[in-house]
Amino acid sequence: MKNTVIPKATAKRLPLYYRYLKVLLDSGKTKVSSTELSEAVKVDSATIRRDFSYFGELGKRGYGYDVESLLEFFSKTLSEDRLTNVVLVGVGNLGNALLKYGFHHNNNIRISAAFDVREDLVGRIVDGIPVYPMSDMEEQIKQQQIEIAILTIPAESAQDTANLLIDAGIKGIMNFTPVRLNTPSHVQVQSIDLTNELQTLIYFLNHYTKEEE
C-alpha cells in the first residue's frame, strides 16, 4: 500500500465495496469492472477508481479487478481477517437490539461484553453476551484488551462514561447518543444520531429529487 493518508470519505466507502465483493465471489464471479461496481454500489466509477488508486495498482486496464484478490486485500485493510472484540455500554432498547444483531454472523466483529446500571440486567446472559455492572467496566476492558466501545446510554451520562472508557484504554467509540463527545486526539468517535438521520431524510424528500443529488 502506498504511504498515503486515505481520505475519510474513501474509508467510509471501503466496507460497501467489501460487502459487494463478497456477494460477487459467492455468486462465482471472478472479475469485475469499475463500471459494474458503480452500478451495484451506486458510487460513480471515477470515484471508485480514485478510491482504489490510494492503495496502489489493484486492477489492470482492459481487464478490471480480480474479485478474489480484491476481496482478500480489503479483508486485510478492514481487519476482517482477524476477530475484533468490542464492548457495549447501555443495554436499553437500542443496546439490546445491537446485542441481538449478531455482528459475527456477517464479519469478524463480536460484542464480547455489555455493561449497564440496571440490577435486573446485570448478571444476565443476553444472546450469549454477559452483562456486567458498570463498576466492572474498566477491569473487563483491560482484561480483554478491548479498544472499541459502542455507547447507547442516556445523553446526560454520555461524556462521563466516555471519559471512563478512555481511561480504561478504549481508542474508538461508536456513539449512538446525541451528545458530541469531547475526546483526546488519539480517540476516534463515530457518531450516529438516528433522529438527525431521519430529519435529514425528511428534508431531502421535501427539497430534492433523485436527479438533483
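From a predicted model like this one, the values you see are computed outputs, not experimental measurements. (Residues numbered from 1 in each chain as written. Predicted model: local features only at pLDDT ≥ 70, side-chain atom pairs only at ≥ 80, totals over all residues. Heavy atoms only, no water.)

This paragraph deals with the UniProt feature "DNA-binding region" (unreviewed entry) in the protein. Following the UniProt record, the feature "DNA-binding region" (unreviewed entry) maps to residues 16-55 here. For the annotated span residues 16-55, helix accounts for 70% and strand for 5% of the residues, and the straight-line distance between the end C-alpha atoms is 16 Å. (UniProt positions renumbered as here; feature names shortened; annotations may be inferred. Helix = DSSP H or I, 4+ residues; strand = E, 2+ residues; numbered from the N terminus.)

On to the layout of surface pockets, then. Here the largest pocket is characterised by a volume of approximately 2000 Å³. Lining the largest pocket are 40 residues; nearest its centre among them are P15, L78, I109, I148 and M174. Those elements giving two or more residues to the lining of the largest pocket turn out to be α1 (8-26), β3 (84-89), α5 (93-101), β7 (148-151), β8 (172-175) and β9 (188-191). Examining the composition of the lining of the largest pocket, we find that 9 residues originate from one element, α1, more than from any other. By volume, the second largest pocket is sized at about 360 Å³. Taken together, 22 residues line the second largest pocket, and the ones lying closest to its centre are G90, T152, I153, P154 and T177. Listed by contribution, the elements that provide at least two residues to the lining of the second largest pocket are α5, β4 (109-116), α7 (155-167) and α8 (194-207). Of the residues assigned to the lining of the second largest pocket, the class counts are 11 nonpolar, 8 polar and 3 charged. (1 Å grid on protein atoms, 1.4 Å probe; cavity = no way out; pocket = protein on both sides within 12 Å on 5 of 7 lines; lining within 4 Å. Points joined across faces, edges and corners; volume = space filled by probe spheres on them. Nonpolar A, V, L, I, M, F, W, Y, C, P; charged D, E, K, R; others polar.)

In this section: the sheet that holds β3. What the 7 strands build is an open sheet, ordered β5-β6-β4-β3-β7-β8-β9; its pairing is mixed. Pairing within the sheet leaves two strands with one partner each, and these edge strands are β5 (125-126) and β9. Sheet topology note: the β5/strand β6 (residues 129-133) ladder contains 2 bridges and is antiparallel. Bridged to I125 within β6 is P130. Sitting on the sheet, α7 is in contact with β3, β7 and β8, with an inclination near 165° to β7. (Pairing = 2+ DSSP bridges. Contact = heavy atoms within 4.5 Å. Axes fitted to C-alpha atoms, helices over the stretch in contact; angles between N-to-C directions.)

Let's shift gears to the packing of α1 against helix α3 (residues 45-53). Between α1 and α3, whose axes approach to 11 Å, the crossing angle comes to 105°. Here α1 lies roughly perpendicular to α3, going by the angle between them. Residues T10, R13 and Y17 of α1 touch α3, and the partners they reach there are T47, I48, D51 and F52. The residue inventory of the contact of α1 with α3, partitioned by class, reads 3 nonpolar, 2 polar and 2 charged. (Parallel < 35°, antiparallel > 145°, perpendicular 65-115°, else oblique.)

Below, the discussion takes up α5. The complete set of buried residues in α5 reads G95, L98 and L99. Down the axis of α5, the sector holding all buried residues measures 105°, keeping them to one side. In this structure, α5 carries N93 and Y101 as exposed residues pointing more than 90 degrees from its buried face. Elements in contact with the buried residues of α5: β3, β4, β5, β6 and β7. (Buried < 20%, exposed > 50% of the residue type's maximum accessible area, 1.4 Å probe, protein only. Arc of directions from axis to C-beta.)

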